[in-house]
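So you can see what is in the structure, the chains are spelled out below.
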Amino acid sequence: MKEKTYQKITGYIKQRKWLEGIVNVADVGLAVIIYFMFLILLVTLFLQHKNMELLRVVLVCGISFVLVSVFRHFYNADRPYTKYDFTPVVKKDTPGRSMPSRHIFSVFVIGMAFTWLDWKFGVFIFVIAFLMAVERVIAGVHFVRDVLVGAVVGIAAGVIGFYLIP
């Protein structure tokens, strides 16, 4: 999106405190839901003594998270609010490291882990992931390309880690 579009969207949201509240609750709440479900998944696999599945989920999600984090550190793309000099809807003041979105990457690779184990939970995670992607863009903390690349890389990491590697 262009500068005027971000300013128009974030301005519209900020002028309506109830909408700003929803975006801020979604920013934290959706992430909490996903990470809590991921914790439940890990604990469930542990308690069911599914050690190989647990190890695979931890390794695929963990290694790919580290690789994305290292890439973001060196690529260091600007965020919309730093590039266009406006205040985002959600509290955020990190310059750079915008692409790919690590929140979106994480949710999509976690979605792939759930899909690998039980597709019904995976679909639920992907719905939340989509909502998070939209929220991160309209809040002004990511460009559309950041969340799209995060989603694609998260899905690719999951396909490679859960389906292609025996």
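Up top is the structure these notes are about.
One structure accompanies this document, and this report is about it. (Residues numbered from 1 in each chain as written. Predicted model: local features only at pLDDT ≥ 70, side-chain atom pairs only at ≥ 80, totals over all residues. Heavy atoms only, no water.)

Remarks on the overall build of the protein chain
- A count of helical and extended segments in the protein chain gives seven helices and zero strands.
- Secondary structure elements of the protein chain, listed N to C terminal, follow the sequence α-α-α-α-α-α-α.
- Expected size for 166 residues packed as a compact globule is a radius of gyration near 15 Å; at 17 Å, the protein chain falls within 12% of this value.
- Counting only C-alpha atoms and orienting by the principal axes, one finds that the protein chain spans roughly 50 × 35 × 20 Å.
- In the protein chain, buried positions account for 43% of the 166 residues.
- Within the protein chain, counting contacts between residues at least 6 apart in sequence, those at least 24 apart form 74% of the total.
- When the accessible surface of the protein chain is totalled, it reaches about 9300 Å², and 72% of it is carbon and sulfur.
- Across the protein chain, the 18 positively charged side chains and the 10 negatively charged ones have centroids separated by 2 Å. (Helix = DSSP H or I, 4+ residues; strand = E, 2+ residues; numbered from the N terminus. Rg over C-alpha atoms; globule rule 2.2 N^0.38 Å. Buried < 20%, exposed > 50% of the residue type's maximum accessible area, 1.4 Å probe, protein only. Contact = heavy atoms within 4.5 Å. Areas by Shrake-Rupley, 256 points an atom, 1.4 Å probe, with all protein chains shown as cover. Lys, Arg positive; Asp, Glu negative; His and termini not counted. Charge placed at Lys NZ, Arg CZ, Asp CG, Glu CD.)

Section: the packing of helix H2 (residues 17–47) against helix H5 (residues 102–117)
- Axis separation between H2 and H5 bottoms out at 11 Å; the angle between their running directions is 35 degrees. Judged by the sense of rotation from one axis to the other, the crossing of H2 with H5 is left-handed. On the side of H2, the interface is formed by Ala-31, Ile-34, Tyr-35, Met-37, Phe-38, Leu-41 and Leu-45, while H5 contributes His-103, Ser-106, Val-107, Ile-110, Phe-114 and Leu-117.
- Residues of the contact of H2 with H5, tallied by class, amount to eleven nonpolar, two polar and no charged. (Axes fitted to C-alpha atoms, helices over the stretch in contact; angles between N-to-C directions. Left-handed = near helix turned anticlockwise from the far one by under 90°. Nonpolar A, V, L, I, M, F, W, Y, C, P; charged D, E, K, R; others polar.)

Quick look at the pattern of salt bridges
- In the structure shown here, the tally under the stated rule is four salt bridges.
- Two residues, Asp-118 and Lys-120, come together in a salt bridge whose shortest N-O distance is 3.7 Å.
- What makes Asp-118 partly exposed here is its relative accessible area of 24%.
- The exposure class of Lys-120 is exposed, given its relative accessible area of 52%.
- For Arg-145, the salt bridge is made with Asp-146, and the minimal N-O distance between the two is 3.1 Å.
- Look at Arg-145 and you get partly exposed, because its relative accessible area is 39%.
- By relative accessible area, which is 0% here, Asp-146 ends up buried. (Salt bridge = Lys/Arg side-chain N within 4 Å of Asp/Glu carboxyl O.)

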